[in-house]
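Breakdown of the fold
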Amino acid sequence: MNTPGKKFITVGQRCAETCLWRILCWLKSALAGVCALPEFGRYFTGYCHKIIHTKYQRQLFALKISVGITVLYFISTVRGLISTAFPVVLRRLGVVFTAQFYQIVFQTKLRFRSLLRRDITCPEVILSIVFLSFFALSQTNYLRAQEEKQSPRRGQGVEERNQKALDPLGIRAGGFLLYPKFEFEEKFNSNIYAKSTNEKSDFITVASPSIEAKSNFNRHSLDLAIESDFGFHAKIDDENYQDFAASAKGRIDVISEFKVNIGANFNRKHEPRGSPDDEGSKKPTIYRQSSVNIDATYKPNRASISLDWKADKFDYDDASKASGTAINNDDRDKSEYVTSLRLGYDVFPENEAFVKAEYNIRKVVDPLDDTGLNRDSNGYRISAGTTIDLTGLMEGEFSVGYMSQSYDDAQLPGISAPFIDGKIDWHITPLSTLTGKVGRSTVDTTSANSPGYVDTKLNIDLKHELFRNQIIGAGMNYSLADYKGIDRTDHTLEFSANSDIKLNRNAFLRLNLTYRKRDSNLNVNDFDETVIALMLGIQF
């Protein structure tokens, strides 16, 4: 019996053999002074024709689409690399590439018309949209050699630059600019349930419409945003989700030295699989989070003082396991209030020394949880640190301190530990930015006999502007969760690679690859997963 897995392996072997043969022919032709790129284009076009008109299963079909898109993506990148190294050869290769893109899009367009006579599957629509996007890309003058030089501002990262030719213009509405956006993503997850055994993979189609309104007042500011994510799984319908978020933030400029920021947001989200408190419910756990924050900063001279207050409320829906056993999540409903005071002084320009004190109160809705424990608590964080700015090439903020969390129930041990918080941006070159972050905090849990854990995180992220409209990146995240009261320690390691291409000011592509692995001294909490995602975005 030919299973999808065996069929995919067979197809993969044939594709690998064919691609290897084509590469050898290409090298042979190149040595002979003949450009073989048109032949490659004809082969790829025929391959697309084959997979469109053959009825494969959706999973295998989507994999083939991803392979084809990746090849096109690679071609566009190689084209740009050749242009920077061999600007003279570009004149010939540029014409060849553009002609091949025309051929692929034109033939796909004709076939798409014939497909209208029958039911069109989601992957086929994605393929057509992506081909049309690459057609637009081939017509975009994105090569660095042909663009106007742009010098970054002091301390400005790769992703923070204002690119007037590629940034959306927005829609003017009175004193606001509206920025509607729609993102369409197709991704593959190798371990949907984030389990150590009986792993199940699936394809997920995600539609994410959103709109943002930004004010352009002379004084003060107000930003509003509404976002949503609709996820649809190909096989496991129980994992489908609908997330919503709304936020508002404003700034009141009382005087030039005194500013007040106010913000509020509401989120309806699902808890991701692999969460420390996920009890294996049949469907993802839905929760709502409401937040309000107010902070005021007064800086009359080199000295400054900031006062911040924030309130969060969490409300989790009850769930059930596949066996029908009910999961009571009322133990997780809580409110949290945080007040902080920061005093700073500019020792040197752009270099501030500061001290900060923070106090929090956490109130659980249920007086006692299912195990008879009262999880109300209060705690503090005290730290001292400095901001740094070394000629605009390296900037950041570091602080060290001590944190403590005490619980009302005597059966729950307190959590106390030193901590370090920091972030640094190193602008290695005008085109490359390396960002490092480190942090430590206390996190509550509903695990029996444990009040929570000390969460230590380390993040390293590298971004490089390959072309004016393309940014590639790679990152690493490490997390250590050390539980108190029980013998449990979780190590989570994540690697990622991504590439963003702005086709023009209204369309962009994003390719992302993520691998995540968690090792715990409790084997039942181990898992690893691989996620591959391709996203097309439209913005105005």
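Residues numbered from 1 in each chain as written. Predicted model: local features only at pLDDT ≥ 70, side-chain atom pairs only at ≥ 80, totals over all residues. Heavy atoms only, no water.

1. Section: the overall build of the protein
Our working definition: The helix count covers DSSP runs of H or I at least four residues long, the strand count covers runs of E at least two residues long, and both are numbered beginning at the N terminus. Only protein chains enter the accessibility calculation, which uses a 1.4 Å probe; a residue is then buried when its area is under 20% of its type maximum, exposed when over 50%, and partly exposed in between. We call two residues in contact when some of their heavy atoms are within 4.5 Å.
Within the protein one finds five helices and 21 strands. Out of the 540 residues belonging to the protein, those deemed buried represent 40%. Taking all contacts inside the protein whose residues are at least 6 apart in sequence as the whole, residues at least 24 apart take part in 57%.

2. With respect to the packing of aromatic side chains
The condition that has to hold: Between 30 and 60 degrees the pair is tilted, below 30 it is stacked and above 60 it is edge-to-face, where a pair is any two Phe, Tyr or Trp rings, Trp via its six-membered ring, whose centres lie within 6.5 Å. Here, a charge over a ring is recorded when the distance from Lys NZ or Arg CZ to the ring centre is within 6 Å and its angle to the ring normal is within 35 degrees.
By the definition in use, this model includes six aromatic pairs. With a centroid separation of 5.5 Å and an interplanar angle of 80 degrees, the aromatic rings of phenylalanine 176 and phenylalanine 217 are classed as edge-to-face. Taken together, the residues phenylalanine 176 in strand β2 (residues 176–189) and phenylalanine 217 in the loop between β3 (202–215) and β4 (221–233) connect sequence positions 41 residues apart. Of the residues examined, phenylalanine 217 reaches a relative accessible area of 39% and is grouped as partly exposed. For the ring pair tyrosine 287 and tyrosine 316, a centre distance of 5.2 Å and an interplane angle of 25 degrees mean the geometry is stacked. In this pair, tyrosine 287 sits in strand β7 (residues 286–298) while tyrosine 316 sits in strand β8 (residues 303–316), placing the two residues 29 residues apart along the sequence. We note lysine 334 situated over the ring of phenylalanine 314; from NZ or CZ to the ring centre the distance is 5.9 Å.

3. Regarding the confidence of the model for the protein
It should be kept in mind that the predicted coordinates are not to be read in detail where pLDDT is low. Cut-off, in case you're wondering: Every residue is assigned a pLDDT by the predictor, reflecting its confidence on a scale from 0 to 100.
Per-chain confidence: the protein averages 76 in pLDDT, with 70% of residues scoring 70 or above. Segment residues 1–9 is flagged for pLDDT under 50; beyond a separation of four residues in sequence, or across chains, it makes six contacts in the model. With pLDDT under 50 throughout, residues 26–67 is counted as low confidence; its partners more than four residues away or in other chains account for 65 contacts.

4. Considering the nonpolar core
What counts, and what does not: Residues enter a nonpolar core if they are buried and are Ala, Val, Leu, Ile, Met, Phe, Trp, Tyr or Cys, with the set joined through side-chain atoms within 4.5 Å.
Leu373, Met403, Tyr407, Leu412, Ile415, Ala417, Phe419 and Val454 together form the largest nonpolar core, which totals eight residues. Those elements that place two or more of their residues in this core are β14 (394–407) and β15 (415–429). Take this core: its biggest share by element is three residues, from β15. Beyond its immediate stretch of four places on either side in the chain, leucine 373 contacts Pro367, Leu368, Asp409, Gln411, Leu412 and Asn449.

5. Regarding the layout of surface pockets
Which entries qualify depends on this criterion: Note on definitions: the grid is 1 Å and covers protein atoms alone; a cavity is a set of points where a 1.4 Å probe fits but cannot get out; a pocket is an open set with protein on both sides within 12 Å along at least five of seven lines; lining residues have an atom within 4 Å of a point. Grid points are joined across faces, edges and corners, and a volume is the space filled by probe spheres set on the points. Any residue outside Ala, Val, Leu, Ile, Met, Phe, Trp, Tyr, Cys, Pro, Asp, Glu, Lys and Arg is labelled polar, Gly included; the first ten of those are nonpolar and the last four are charged.
Here the second largest pocket is characterised by a volume of approximately 670 Å³. Around the second largest pocket, the lining is made up of 28 residues, and of these Tyr193, Lys195, Asp278, Glu279 and Gly280 lie nearest the centre. Taken together, the residues that form the lining of the second largest pocket break down as seven nonpolar, nine polar and twelve charged.

6. Considering the pairing of β4
So the rule is basically this: Paired strands, as defined in this entry, are two strands with at least two bridges between them according to DSSP.
Here β3 runs beside β4; their pairing, made up of nine bridges, is antiparallel. Bridge pairing in β4 links alanine 213 to leucine 224. Here β3 folds back onto β4 in antiparallel fashion, the turn holding five residues, of which histidine 220 has a positive phi close to 65 degrees. Direction of pairing for β4 relative to strand β5 (residues 241–255): antiparallel, over a ladder of eleven bridges. When the sheet's bridge partners are listed, aspartate 223 is paired in β5 with lysine 249.

7. What to know about the environment of serine 447
In this structure, serine 447 sits in the loop between β16 (432–444) and β17 (452–467). Looking at serine 447, the relative accessible area reads 16%, which means it is buried. Along the chain, serine 447 and glycine 485 lie 38 residues apart, while their C-alpha atoms are 9.8 Å from each other. Once you skip the residues sitting within four places of it in the chain, serine 447 turns out to touch Asp277, Arg375, Tyr483, Ile486 and Arg488.

8. Side note on unusual backbone geometry
Here the phi dihedral of histidine 220 falls at roughly 65 degrees; this positive angle occurs in a residue that is not glycine. Turning to its location among the elements, histidine 220 is positioned in the loop between β3 and β4. Of note in this structure, asparagine 449 is not a glycine but carries a positive phi near 65 degrees. Relative to the assigned elements, asparagine 449 resides in the loop between β16 and β17.

9. What to know about the pattern of salt bridges
Put simply, the rule is: By convention in these notes, a salt bridge is any Lys or Arg side-chain nitrogen within 4 Å of a carboxyl oxygen on Asp or Glu.
By the definition in use, this model includes 23 salt bridges. The salt bridge involving aspartate 500 is made with arginine 510; its shortest N-O contact spans 3.0 Å. Separated by ten residues along the polypeptide, aspartate 500 in strand β19 (residues 489–504) and arginine 510 in strand β20 (residues 507–520) bring together distant segments of the chain. Each of Lys334, Glu336, Arg362 and Asp444 takes part in a single network of salt bridges with overlapping partners.

10. Some points on the side chain of glutamate 186
Quick reminder of the rule: Whenever two N or O atoms come within 3.5 Å, that pair is a polar contact, provided that in protein one can donate a hydrogen and the other can accept it, and provided that, for residues adjacent in sequence, both atoms are side-chain atoms.
For glutamate 186, the position within the fold is in strand β2. Among the polar contacts listed, one links the side chain of glutamate 186 to the side chain of threonine 205, at a separation of 2.6 Å.

11. So, the pairing of strand β12 (residues 351–364)
Pairing of strand β11 (residues 334–348) with β12, which is carried by 14 bridges, proceeds in the antiparallel orientation. Looking at β12, one finds that arginine 342 is bridged to lysine 356. Connecting the antiparallel pair β11 and β12 is a turn made up of two residues, with glutamate 350 showing a positive phi of about 65 degrees.

12. Details of the side chain of threonine 445
Tracing the backbone through its elements, the reader meets threonine 445 in the loop between β16 and β17. A polar side-chain atom of threonine 445 sits 2.7 Å from a polar atom in the side chain of aspartate 277. For threonine 445, the contacting residues outside a window of four places in its chain are Asp277, Arg375, Ser450, Pro451, Gly452 and Tyr483.

13. Regarding the environment of isoleucine 211
Within the element layout of this structure, isoleucine 211 appears in strand β3. Taking relative accessible area as the criterion, isoleucine 211 reaches 35% and is therefore assigned partly exposed. In contact with isoleucine 211, other than residues within four places in its own chain, are Tyr179, Pro180, Leu224, Ala225 and Ile226.

14. Here's the deal with the environment of asparagine 265
Checked against the element boundaries, asparagine 265 lands in strand β6 (residues 258–270). Remark: the alpha-carbon pair of asparagine 265 and alanine 245, spanning 20 residues in sequence, is separated by 7.3 Å. Leaving out residues up to four positions away in the same chain, asparagine 265 has contacts with Ala246, Ser247, Gln289, Ser290 and Ser291. There is a polar contact of 3.1 Å between the side chain of asparagine 265 and the side chain of asparagine 267.

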